[in-house]
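Observations on chain architecture
These are the residues of each chain, in order.
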Amino acid sequence: MSAPTVEPPVTTPETQPRGTTGEHVAPAPRPLGSVDRPTISFELFPPRNPQAAPRLWATVRQLESVHPDFVSVTYGAAGKTRATSRAFVSRLLQETSLSPIAHLTCVGTSRAEITAIVEEFLDEGVRSFLALRGDPPAGEPDWRPHPEGVETASALVELLREIEARRCVASPSQAVRARVRPLSVSVAAFPRGNAATGGTRAQDVASLLAKQEAGADFAITQVFYDAEAYLGLVAEARAAGVVIPIIPGIIPTTDPARLLRVQELTGVPVPRDLLDHLGAADDELERHRRGIRAGVDLINGILDGGAPGVHVYTYNTHEAALDLLEGAHLDGATRR
């Protein structure tokens, strides 16, 4: 991936450096310094019940200590966690230094209801969304999409942009705030195609291009376990005209049971040799070390290939996520 474009400092004939013959010469570019570092970010989900909240907030504080660029907050299948997601995002905005991205799904929901949900988030101060189509409810063979709904993620991106534009027209104050804090819309990408829907990588690249044309700012990938899956997706996407950043989504590979559960949910197979390597560990500590080592190797491979950063799926725990970043030298001490 190409490095982000950096605008040169504004100069005038009076301030611009001169050569020995008196002609104007361009100033030497400034090094990017701390700006030119991989981004780190995390995915969280709202507490499933009040008893889980204290542990979640302990995790939030630990993750906050490494100064992530953002955290994303899941929305639950068919918006089942609408109220708790909004409350969690609101508290992140009010009580932490974190920048939350609110997940938003559209499957089975009317445009009017999605609009109301987006308005709620915007009124809370949320300025970033991850626009997802979402999956139809499981175990309902007769389920049908909402007749007045939004059926694709690209259409959801368009709707988000329409809502923001309408709010800016209705309120000059909102228009000013929108220029200070522009609305950010991210989308999903699938390194091997969306296995849950039977989609191929080529189909996902076409979908990613449509999302970009609808107004998406960047993408975050589904889990994968080899660098080539991500690098191949990026290469195909760039060849097709996708220019937005594509951030790799990484799961810490320390818990075989969780990996198999993720495989069941996403359709992304866990490599057999990885499971065997973890299973051969003598104890839990050694298994953790092996999993972190595998994750660090994966991160190094994708960063060497040009990835802009990493998005870690935490499952609301911090230990493996932070060990993974430390092993890849992306922890807070290195970043500062």
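Conventions used here
- Residues numbered from 1 in each chain as written.
- Predicted model: local features only at pLDDT ≥ 70, side-chain atom pairs only at ≥ 80, totals over all residues.
- Heavy atoms only, no water.
- Helix = DSSP H or I, 4+ residues; strand = E, 2+ residues; numbered from the N terminus.
- Buried < 20%, exposed > 50% of the residue type's maximum accessible area, 1.4 Å probe, protein only.
- Contact = heavy atoms within 4.5 Å.
- Areas by Shrake-Rupley, 256 points an atom, 1.4 Å probe, with all protein chains shown as cover.
- Salt bridge = Lys/Arg side-chain N within 4 Å of Asp/Glu carboxyl O.
- Expected span 1.5 Å × (residues − 1).
- Axes fitted to C-alpha atoms, helices over the stretch in contact; angles between N-to-C directions.
- Parallel < 35°, antiparallel > 145°, perpendicular 65-115°, else oblique.
- Left-handed = near helix turned anticlockwise from the far one by under 90°.
- Nonpolar A, V, L, I, M, F, W, Y, C, P; charged D, E, K, R; others polar.

1. Some remarks on the overall build of the protein chain
Per the secondary structure count, the protein chain includes 12 helices and nine strands. Split into buried and exposed, the 336 residues of the protein chain put 45% on the buried side. Counted over contacts in the protein chain with a minimum sequence separation of 6, partners at least 24 positions apart contribute 77%. Within the structure as shown, the protein chain displays about 17,200 Å² of accessible surface, and the carbon and sulfur contribution to it stands at 53%.

2. What to know about the pattern of salt bridges
By the definition in use, this model includes 16 salt bridges. In this structure, D123 and R167 form a salt bridge, with 3.2 Å as the shortest nitrogen-oxygen distance. Taken together, the positions of D123 in helix 3 (residues 111-123) and R167 in helix 4 (residues 153-170) put the pair 44 residues apart, joining distant regions of the chain. Between E236 and R201 there is a salt bridge, with its nearest N and O atoms 3.3 Å apart. Here the residue E236 occupies a position in helix 7 (residues 227-240), and R201 occupies one in helix 6 (residues 201-214), the gap between them amounting to 35 residues. E236 gets classed as partly exposed once you look at its relative accessible area, which sits at 36%. For R201, a relative accessible area of 15% corresponds to the buried category.

3. A closer look at the side chain of T314
Take T314: it is sitting in the loop between strand 9 (309-313) and helix 11 (319-327). Relative accessible area serves as the criterion here: at 4%, T314 is assigned to the buried category.

4. Description of helix 6
Residues separated by three or four positions in an α-helix point in the same direction, a consequence of the helix having 3.6 residues per turn. For helix 6, built from 14 residues, the straight-helix expectation of 20 Å at 1.5 Å per residue is met to within 8% by its first-to-last C-alpha distance of 20 Å. Of all the residues in helix 6, the buried ones are R201, D204, V205, L208, L209, K211, Q212 and A214. The secondary structure elements touched by the buried residues of helix 6 are helix 4, strand 5 (184-189), strand 6 (218-221), helix 7 and strand 7 (246-247). Just downstream of helix 6, G215 is the residue with a positive phi angle, here 125 degrees.

5. Quick look at helix 7
An ideal rise of 1.5 Å per residue puts 20 Å on 14 residues; helix 7 measures up with 20 Å between its terminal C-alpha atoms. Among all positions of helix 7, only A229, Y230, G232, L233, V234 and A237 are buried. Next to the buried residues of helix 7 lie strand 5, helix 6, strand 6, strand 7 and helix 10 (284-304). One or two steps after helix 7, the chain reaches G241, where phi turns positive at roughly 105 degrees.

6. A word on the packing of helix 1 (residues 53-64) against helix 2 (residues 82-95)
Between helix 1 and helix 2, the least distance of the axes is 13 Å, while the angle of their chain directions is 45 degrees. By the angle between their axes, helix 1 is oblique relative to helix 2. Where helix 1 crosses over helix 2, the handedness of that crossing is right-handed. Every residue of helix 2 that contacts helix 1 at L56, W57, V60 and R61 is listed here: F88, R91, L92 and E95. In terms of residue class, the contact of helix 1 with helix 2 is built from five nonpolar, no polar and three charged.

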